[in-house]
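# Summary of structural features
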Amino acid sequence: MATEGGADEPFTVPITVRGYETDTQGHLNQSVYLQYAEHARWSVLQAGGIPQTTLLARGIGPVTLETTIRYLRELRAGDEVAVSCRFVWGERKTFVIEQTVRKADGTVAAEITATCGILDLTERRLLKDPRAALRELATDPGVLGLG
């Protein structure tokens, strides 16, 4: 079950590492970290009251422009992790989502930083104020750091 977090605690999504997600050394495959991060980002939007259908109906969608992953500890099949999302809003067309993949014992396995924007799906350009667009759609803007 996802947690909405409070003022000091980011939104998190629990995930169990599955065997088919591991590589030949038994570690979580590097590409799966991206999938976990993306799952958590869509989950936080959903928790904020912005399902994908709402975004599409408005003709907009989130885009990831850059992602950095810092691998700190290995993950293996069966490991329980929590993937967090914290929005860092600026005054520009882009914003940053900071994410942490944390094992059940609290050990940080990876840190993921994504530079994102909100794309106008017709114009194919980033919205000038992604914060305002998401705040307008959200039923719980606090989950997105818009409270």
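Structural notes, computed from the coordinates. Residue positions within a chain follow its written sequence, with the count starting from 1. Local features in this predicted model are restricted to residues of pLDDT 70 or higher, and side-chain atom pairs are both shown and tallied only at a pLDDT of 80 or more, whereas totals for entire chains, interfaces and linings draw on every residue. Only hydrogens and water are set aside; all other atoms, that is, all heavy atoms of the structure, feed into the side-chain values.

## Thoughts on the state of the cysteines
Cysteine sulfur pairs qualify as disulfides if the two atoms are within 2.5 Å. Evaluation of the coordinates by the stated rule reveals zero disulfides. No disulfide involves Cys-116; its sulfur sits 9.2 Å from that of Cys-85, the nearest cysteine. Throughout, exposure labels follow a simple rule: accessible area from a 1.4 Å probe, protein chains only, divided by the maximum for the residue type, with under 20% read as buried, over 50% as exposed, and the rest as partly exposed. Using a relative accessible area of 3% as the deciding quantity, one classes Cys-116 as buried.

## Quick notes on the packing of aromatic side chains
Centre-to-centre distance and the angle between the planes together describe a pair of aromatic rings. Classification of ring pairs uses Phe, Tyr and Trp, with its six-membered ring standing for Trp, and accepts pairs whose centres are within 6.5 Å; under 30 degrees between planes counts as stacked, over 60 as edge-to-face, and the remaining range as tilted. According to the stated counting rule, one finds four aromatic pairs in the structure shown. Aromatic pair Phe-87 and Trp-89: ring centres 5.4 Å apart, planes at 10°, arrangement stacked. Each member of the pair, Phe-87 as well as Trp-89, is classed as buried. Note on Trp-89 and Phe-95: the rings are 4.6 Å apart at their centroids and 35° apart in plane angle, and the pair reads as tilted. In this pair, the class of Trp-89 matches that of Phe-95, namely buried. Three or more aromatic residues joined by ring pairs form one cluster here, namely Phe-87, Trp-89 and Phe-95.

## Side note on the side chain of Arg-41
Note that Arg-41 resides in helix H1 (residues 30-47). Setting aside chain neighbours within four positions, we find Arg-41 in contact with Thr-64, Cys-85, Ile-97, Gln-99 and Ala-114. Runs of H or I in DSSP of at least four residues are treated as helices and runs of E of at least two as strands, each being numbered from the N terminus. By definition, residues are in contact when any of their heavy atoms lie within 4.5 Å.

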